[in-house]
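# What the coordinates show
Given next are the chains, with one letter for each unit.
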Amino acid sequence: MAKIHVEVLSEKEIEAIHAGTMQILRDTGVMVHHDEALKLLRQAGADVQQDTKIAKLPEKLVMSSIEKVGKKYVLYGRNPERTARFGYGDFVLMSSPGQYSWIDTDSGDRRPANIGDTNEAIKLGDALGNITIVGSMAQPQEISEAWRDVYLTGELVKGTGKPTRCWIKNEKTAGYVLEIYRTIAGGAKALRDRPMVKAFLEPISPLRLPKDGLDIVREFARAGQPVSIGPMAMTSGTAPATLAATLAQENAEILAGVVVTQLFAPGTPITYGGIPHIMDPRTSICSFGSPEQGLMAVAMVQMAKYYGFPVYVNVCLTDAKVPDAQAGAEKGTSLLLAALAGADTFGHCGICGTDHAGSLVWLALDNEIMEYVKRITRGFEVDAGMVAADVVNKVGPGGNFLAEEHTVRNFRKEFWLAGPAWTRQSWDGWVDSGKLSMADRLREQVKQTLSSHEPEPLEAGLAKEVDSIVRAAERELG
């Protein structure tokens, strides 16, 4: 079966971006706000200017660091059969690690997120078949930011058997978060053998590695957990005004993070997060849904594969504020492009607009779009049996194929059978059912799922241990 594959860069163009990246790292360098990382870089052969915190990285150091990276890994949920595999050709979807605002499911209004939103988001993420990693989705205002990520981690591991993730604040909270996962895994060695969570490092464009982010990376990597590195360079804002230059700078920021991560803990598996955006020239706002977003995502997949990394790209996102035609065009087009390019994982699901809010309806929509895209990427078989000239001959002109054994045997695997979120009704049937839009149907589907789905509970003793760790974090940090 032939596979559809999308590329935007030739081999010569990939080499040109790589060469530009090496020049940036060698001549410009990166600003590293972390004393231990600067010391390790100096010892490894980088030209470190202590007063400016700028480290210039020789190509030999960069390439040797890339060679050390673990290129495949698996994240495990507390149910060990619920996994997220990176570097294996799987499609991994993650619900958002957390948004500050929330779109109310009933009213559609935007408001601050609360604990109830978090719990519903975890439950829905556990239920939706295409969500591989469940994020906390909401940043509940009732919980202090000083220990919120510890609280959210506790809620996640209690609320779903899938792999989980929230935003980690700093080194102090990272210790508590890792202790929760060690408790669930059965100890430090068990967590190292079966990783359950990954750190996320977001270099600050242009060309800076932040202290808190590197602290978190160090703690997670030394605990045997993988790392995802994803700067959000904005073309014409925090990156140059051409897509090619943005790609080279973004690549430099990622590879600088790779070098530091490997100095902290050689062999740490890494996901290459190629997630650049453009800055809209009319509004100066980052665009999540531009056509350039899809083009750069495909190019970033190619760059990641050039080095051998599993890759995360920001697609299935939109600038739209409601689930309308704009949202469908932007989300569906960019996700399909990235999937056909071979990306491993895709933009955080459940986001309204450019990080304007989290929403259960948007999460359900992303789950449906992924189902549609998966069918396209699967393709179809062609051989004598599938061409079925003998069946056509049997039925002949003027007949039909409904009762044929060939139809019964094949239609389920050939067709994507749309679920209740989609309409294929007649006009009259659609009118009789209430003239519902897809957003309306998704809203009802969300409510039904929340009322009927029961996640696999965490064993009571472990739940008490998790709650004890969360209370300890509140006492120390809150």
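That block above? That's the structure.
Figured I'd write up the structure that's included with this text. (Residues numbered from 1 in each chain as written. Predicted model: local features only at pLDDT ≥ 70, side-chain atom pairs only at ≥ 80, totals over all residues. Heavy atoms only, no water.)

With that out of the way, let us pick up the overall build of the chain. Along the chain, the regular secondary structure elements total 18 helices and 20 strands. Computed over the C-alpha atoms, the radius of gyration of the chain is 24 Å, within 12% of the 23 Å expected from 2.2 N^0.38 for a compact globule of 478 residues. Considering only C-alpha atoms, the chain reaches an extent of 85 × 55 × 50 Å along its principal axes. Looking at the chain residue by residue over its 478 residues, the buried ones come to 53%. Residue pairs at least 24 apart in sequence account for 72% of intrachain contacts in the chain once pairs closer than 6 positions are excluded. For the chain, the exposed surface amounts to about 20700 Å²; the carbon and sulfur share of it is 53%. With 51 positive and 59 negative side-chain charges, the chain shows a separation of 4 Å between the mean positions of the two kinds. (Helix = DSSP H or I, 4+ residues; strand = E, 2+ residues; numbered from the N terminus. Rg over C-alpha atoms; globule rule 2.2 N^0.38 Å. Buried < 20%, exposed > 50% of the residue type's maximum accessible area, 1.4 Å probe, protein only. Contact = heavy atoms within 4.5 Å. Areas by Shrake-Rupley, 256 points an atom, 1.4 Å probe, with all protein chains shown as cover. Lys, Arg positive; Asp, Glu negative; His and termini not counted. Charge placed at Lys NZ, Arg CZ, Asp CG, Glu CD.)

What follows deals with the side chain of Asn 410. Residue position: Asn 410 is located in helix α15 (residues 405-414). Reaching out from Asn 410, the side chain makes a polar contact with the backbone oxygen of His 406 at a distance of 2.9 Å. (Polar contact = N/O pair within 3.5 Å; in protein donor to acceptor, adjacent residues only side chain to side chain.)

Let's shift gears to the layout of surface pockets. Of the voids in this model, the largest pocket is the one considered here, and its volume is about 820 Å³. Lining the largest pocket are 34 residues, and of these Tyr 100, Trp 167, Ile 168, Phe 200 and Glu 202 sit closest to its centre. For the lining of the largest pocket, the elements supplying multiple residues, two or more each, are α5 (148-159), β10 (199-201) and α8 (211-222). Here the lining of the largest pocket is built from residues that sort into 17 nonpolar, eight polar and nine charged. Within this model, the second largest pocket holds a volume of roughly 260 Å³. Lining of the second largest pocket is provided by 14 residues; of these, Gly 328, Leu 365, Ile 369, Trp 422 and Met 438 occupy positions nearest its centre. Those elements that place two or more of their residues in the lining of the second largest pocket are α11 (325-341), α12 (360-378) and α17 (438-452). Among the elements that make up the lining of the second largest pocket, the one with the highest residue count is α12 (five residues). (1 Å grid on protein atoms, 1.4 Å probe; cavity = no way out; pocket = protein on both sides within 12 Å on 5 of 7 lines; lining within 4 Å. Points joined across faces, edges and corners; volume = space filled by probe spheres on them. Nonpolar A, V, L, I, M, F, W, Y, C, P; charged D, E, K, R; others polar.)

Grouped together as the largest cluster of nonpolar side chains are 123 residues, with contacts concentrated most on Leu 41, Leu 57 and Val 313. At 10 residues, helix α9 (residues 243-264) tops the list of elements feeding residues into this core. If we skip the residues at most four places from it in the chain, Leu 41 touches Val 32, Ala 46, Val 48, Ala 55, Leu 57, Leu 61, Val 259, Val 260 and Leu 263. In terms of nonpolar packing, the next biggest core, distinct from the first, is built from seven residues, Tyr 73, Leu 75, Met 94 and Ile 133 among them. (Core = buried A, V, L, I, M, F, W, Y, C linked by side-chain atoms within 4.5 Å.)

Paired through backbone hydrogen bonds, the strands of a sheet run either parallel or antiparallel to each other. Here we have four strands laid out as an open sheet, ordered β2-β3-β1-β11, and mixed in their pairing. Two strands lie at the open edges of the sheet, namely β2 (47-49) and β11 (208-209), each paired on one side alone. The sheet contact formed by strand β1 (residues 30-32) and strand β3 (residues 54-56) spans two bridges and is antiparallel. By the bridge assignment for β3, Val 30 is matched with Ala 55. Strand contacts of helix α1 (residues 11-28): β1 and β3, with the helix running at about 125° to β3, the strand carrying the most contacts. (Pairing = 2+ DSSP bridges. Axes fitted to C-alpha atoms, helices over the stretch in contact; angles between N-to-C directions.)

Under the criterion given, the structure shown has two cavities of 30 Å³ or more. Within this model, the largest cavity holds a volume of roughly 40 Å³. Broken down by class, the residue content of the lining of the largest cavity amounts to three nonpolar, three polar and two charged. In this structure, the second largest cavity encloses a volume near 30 Å³. Around the second largest cavity, the lining residues are Tyr 76, Gly 77, Arg 78, Val 157, Thr 160, Lys 162, Pro 163, Thr 164, Tyr 181 and Met 196. For the lining of the second largest cavity, the class distribution of residues is five nonpolar, three polar and two charged.

Just geometry here; none of it tells us what the structure is for.
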